[in-house]
Structures are given as C-alpha cells and as structure tokens.
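A closer look at the structure
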Amino acid sequence: MSGADCQDLPSLRDHIGECRRCPLGETATQVVFGVGDPHARLMFVGEGPGKNEDLRGEPFVGAAGKFLDELLGSIGLTRAQVYIANVVKCRPPGNRDPAPSEIEACTPFLARQIELIDPVVVATLGNFATQYVLGTKAGITRLRGKLYRVGGRRVVPVLHPAAALYNGSNRSVLFDDFRRLRTVLERDDAPSPDSAPPTEAETGGEVLETPTRVLTTRSEDETVEVGRRLGALSRPDDIIGLSGGLGAGKTALTQGIARGMGIVEHVPSPTFNLLLVHPGERTLYHFDLYRLDAPEQLDDIDLWGTVEAGGVSVIEWADRFPGSMPEERLDVRLEVIAPSERRMTFVAHGERARVLVEALVAGQDVRS
Ligand code: SF4
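As a convention, each chain's residues are numbered from 1 in the sequence order in which they are written. Local features in this predicted model are restricted to residues of pLDDT 70 or higher, and side-chain atom pairs are both shown and tallied only at a pLDDT of 80 or more, whereas totals for entire chains, interfaces and linings draw on every residue.

What about the site of the ligand?
To keep things clear, this is the line we draw: Contact assignment follows one rule, namely that a residue is near a molecule or strand if its backbone-placed C-beta atom lies within 6 Å of it. Secondary structure elements are defined from DSSP: runs of H or I of at least 4 residues count as helices, runs of E of at least 2 residues count as strands, and each element is numbered from the N terminus. Note on residue categories: nonpolar means Ala, Val, Leu, Ile, Met, Phe, Trp, Tyr, Cys or Pro, charged means Asp, Glu, Lys or Arg, and polar means any other residue, Gly included.
The ligand sits among 14 residues. The nearest are Cys-19, Cys-22, Gly-25, Cys-90 and Cys-106. Secondary structure elements with two or more residues in the shell around the ligand: α2 (24–27) and α5 (100–117). For the shell around the ligand, the element with the most residues is α5, which contributes 3 residues. For the shell around the ligand, the class distribution of residues is 9 nonpolar, 1 polar and 4 charged.

Quick look at the environment of Leu-274
Applicable threshold: Our contact criterion uses C-beta atoms placed from the backbone: two residues qualify when those atoms are within 7 Å.
Tracing the sequence through the fold places Leu-274 in the loop between α11 (250–260) and β10 (275–278). Each C-alpha atom, one on Leu-274 and one on Leu-292, is 8.6 Å from the other, the two residues being 18 residues apart in sequence. In contact with Leu-274, not counting residues within four places along its chain, are Phe-287, Asp-288 and Leu-303.

A closer look at the pairing of strand β11 (residues 284–288)
Spelled out, the test is: Whether a residue is buried, exposed or partly exposed follows from its count of other C-beta atoms within 10 Å of its own C-beta, namely 20 or more, 12 or fewer, or something in between, respectively; the C-beta atoms are built from the backbone. In this description, strands pair whenever DSSP reports at least two bridges between them.
Within β11, 5 of the 5 residues are buried, leaving the element largely enclosed by the surrounding structure. Side-chain alternation along β11 places Leu-284, His-286 and Asp-288 on one buried face and Tyr-285 and Phe-287 on a second face that is also buried. Of the pairings in the sheet, the one linking β10 to β11 comprises 4 bridges and is antiparallel in character. Across the sheet, His-278 pairs through a bridge with Leu-284, a residue of β11. Where β10 folds back onto β11 in an antiparallel hairpin, the turn is made up of 5 residues. With 5 bridges joining them, β11 and strand β12 (residues 312–316) adopt parallel strand pairing. When the sheet's bridge partners are listed, His-286 is paired in β12 with Val-314.

Topic: the domain arrangement of the protein chain
Note on interface size: it is often stated as the accessible area lost on association of the parts. Convention followed: Delimitation of the domains relies on an automatic or database domain assignment.
The domain boundaries assigned to the protein chain delineate domain 1 (3–207) and domain 2 (212–362). Put simply, the middle of domain 1 and the middle of domain 2, counted by C-alpha atoms, are 36 Å apart. Each side of the interface is counted separately: domain 1 has 7 residues, and domain 2 has 4 residues. Breaking the side of domain 1 that touches domain 2 down by element, the ones donating at least two residues are α4 (63–74) and α9 (170–186). Broken down by element, the side of domain 1 that touches domain 2 gets its largest block of residues, 4 residues, from α9. The class makeup of the residues in the side of domain 1 that touches domain 2 is 2 nonpolar, 2 polar and 3 charged.

Concerning the confidence of the model for the protein chain
Here is the rule we go by: One confidence number per residue, pLDDT, is output by the predictor and ranges from 0 to 100.
On average, residues of the protein chain carry a pLDDT of 87, and 93% of them reach 70 or more. Considering each helix and strand of the protein chain separately, the mean pLDDT is smallest for strand β7 (residues 206–207), with a value of 72, and largest for strand β3 (residues 83–86), with 98.

Observations regarding the pairing of strand β13 (residues 329–338)
In the case of a regular strand, side chains alternate between the two sheet surfaces. Taken together, the 4 bridges between strand β9 (residues 239–243) and β13 define a ladder with parallel strand orientation. From the neighbouring strand, Ile-240 faces β13, where its bridge partner is Leu-330. Examined bridge by bridge, β13 and strand β14 (residues 341–349) share 9 bridges and lie antiparallel to one another. Each residue of the ladder has a partner; that of Arg-329, found in β14, is His-349. From the end of β13 to the start of β14, which pair antiparallel, there are 2 residues.

Description of the nonpolar core
What counts is decided by this rule: Nonpolar cores are identified as sets of buried Ala, Val, Leu, Ile, Met, Phe, Trp, Tyr and Cys residues joined via C-beta atoms within 7 Å.
Met-43, Val-45, Val-87, Ala-123 and Val-158 are the most contacted members of the largest nonpolar core, which totals 51 residues. By residue number, the principal contributor to this core is helix α6 (residues 127–134), which donates 5 residues. In this structure Val-87 touches Val-45, Glu-47, Gly-48, Pro-98, Ile-103, Cys-106, Thr-107, Leu-110, Phe-128, Ala-129 and Tyr-132, once residues within four positions along its chain are discounted. Within the second largest apolar cluster, 35 residues are counted, among which are Val-312, Ala-318, Met-325 and Phe-346.

Focus on the sheet that holds β14
Applied cut-off: To get an axis, fit a line to the C-alpha atoms, keeping to the stretch in contact for a helix; angles then go from 0 to 180 degrees between the N-to-C directions.
What the 7 strands build is an open sheet, ordered β8-β14-β13-β9-β12-β11-β10; its pairing is mixed. The two strands at the open ends of the sheet, each matched to only one other strand, are β8 (212–217) and β10. Each strand axis lies, on average, 20° off the axis of its neighbour in the sheet, ignoring direction. Strands in contact with helix α10 (residues 220–233) are β8 and β14; relative to β8, the strand with the most contacts, it is inclined by about 140°.

Shown next as structure tokens:
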C-alpha cells in the first residue's frame, strides 16, 4: 500500500509511521505530520519543522507560529479553522534547507494530504513550499501578490512569517498578503481554468491588487488641500490610517480633513495625546499611536470603544500595528521626496475606501 491509497489523514499518518525514507528521519525527534481542520477551505504549506516544532510534533509553534496566529486573526480566522502542513515532515538538522532528494522523498505525503483535505485555497509560505506547489524555481518575492490556479485549486504564495522576525518591515507585507488571501477566499467557488505554471523567467499568475493611488503635493498648502477634499468626501464611520515619518505631513493632512468636515477649531499635532476629539457635524477622532509599545495596549485602553457612531477616525502611525487596525479603512502613506514635496500613496481596504479614494483622485485639483 502507498500513501496514495490512504483514504483519510489518520491512515496516511499511520502509513508514514516512524519514517526513515530519507536521512531527516534519522536525526529528527518525530514526524511532524500536520494540524488543523481536515476539511479546511484554506491550507497552509510551510517548509519544514524547526526546533520547537520537532519537540512538540506540531507545525508553527515557535515565534513564527505566534505571528502566523496573529496574521490569521487579522483575517478573522483561527488555527483550528485551517490546516497547516510542511513540505518535509522531519526537521532538517540545524534548520538547514531541505535537500532536493529529501523533498522528493517526502512530498508524496504532502500531495496526498492536499488531495484528502481538498482545500479551495492553498497558501504557500516562503520559497520551498511555493516552488514545490507551483513547480517553479522562481523566488517568493517574484511570486507573492499573485493568484495561481493549479489542479483547479487556487494557490496564493505569501512570505514566510519568519521573514518578519528577521526584518520588521516584512510585517506589513505579510498583513497585505493575508488581506489578499482573504479576498481570494471570499471569491465565489466557480471552477476556473488552470493558469500556466510559472517558469523561472515568466512568473505568470493573476495580480492580486489592493487598489492604490498616488498623489504628489509641492507645498504644505497643497497637502492641506488634499486633506480638505478628503474630509469633504468622507462619510460617517470612515477610518483613515496615516503613516510616514516625523515631518511627513500627517498633521497637515489631518488639519485639511478637519477643514473639509467643517470643523472650525484648531487641530494641533496630537504630540503627547493618544486621542484628540474635535466636535462638529461629524466628530473627528484624531489618534496618534506613536507612543504605544504593543498592539495589546489598544485593547487594554479600549481605544476604539471611545469612537461614537457617525464619527470619522484619523489614525496617525497606523502602520505600527497593521494587524490591529480596523479591516475596512483607507491607508495613506506620506513620504518626503523633496523639502516641500510630499508623495501620498492611498491604499483602499474595502469597497467604501475604494470609492472614497477614486472620488478623491477623479476630482483632484492638485498635481498627480
Ligand atoms: S522527512 Fe519525510 S521522507 Fe524524510 S524521513 Fe521524515 S517523513 Fe520520511
């Protein structure tokens, strides 16, 4: 009997046994088979067990696993609602890369796991999983952000969560990848033709875009004016997240938003205030998260609970805790590109934000 004959996950696990089909079985503590809902619509495929996984017998239980849980939470899922497995089921010594022969020996088990679970979407985490599932040698940075279809299944390559542990700027990339993942999960289940498997030179795939628009202003007055138009276009309960370094123009943009909302009182930089409230026909809630250290603090002080229905929230330094931000929002990233020149990148999360930014750009009276 081969793994392909196994009709459910427990019998496949029994079939693998105390495996020695490749050298990894000699040094590993145990086979790390996989965990989660055996009928999950979303299955994650990682590379291989690390030290903690080897000891516990479960994939993604270390720091990267904790971050994976946070990423799952950001799209409203828990670990129990998905399935997680790896390309190789035994830990490569010293966390080295698995050898091609080891991948070849082990991946029939993964292939059968995928068949038995039959997920709608497979999310591949990092290079090895993506290259195996897509049958390519292209790297994850070229493949992520796109949707592929293999064997009637949707495949979404995303960065490996460990990449954010080594480089903090990858955190927001991963939250973006997961937002796209949710979009793919929410699409209807009508079968689609396979896309051509990507080659190393031609990565193919359907680009998964988050609607993004860019405006450039060449004075503080122009930045305030963009804000004024944004404020005038805003609707009750809109949420606008601002990011950008000190002096990038976040407060100038907020002052414009307040002006566009008809708020007459002065809107200062929040500086040492976590929240300033500016009453008006629609109340402006002006947050500044600069001094918070951890996302849990947002819950501890119930910051969102202070926002009353009908207000408009502007959140400075929203990029510090992307996983804790409200899902439906407009993000604005401000960059200094010359002493008085600012580039504003608008990223719409959700339909309302998309409508808002399209209206802003369509009627713009600043240079774009
Ligand atoms: S890595 Fe896979 S093939 Fe190699 S010993 Fe472990 S279970 Fe067997």
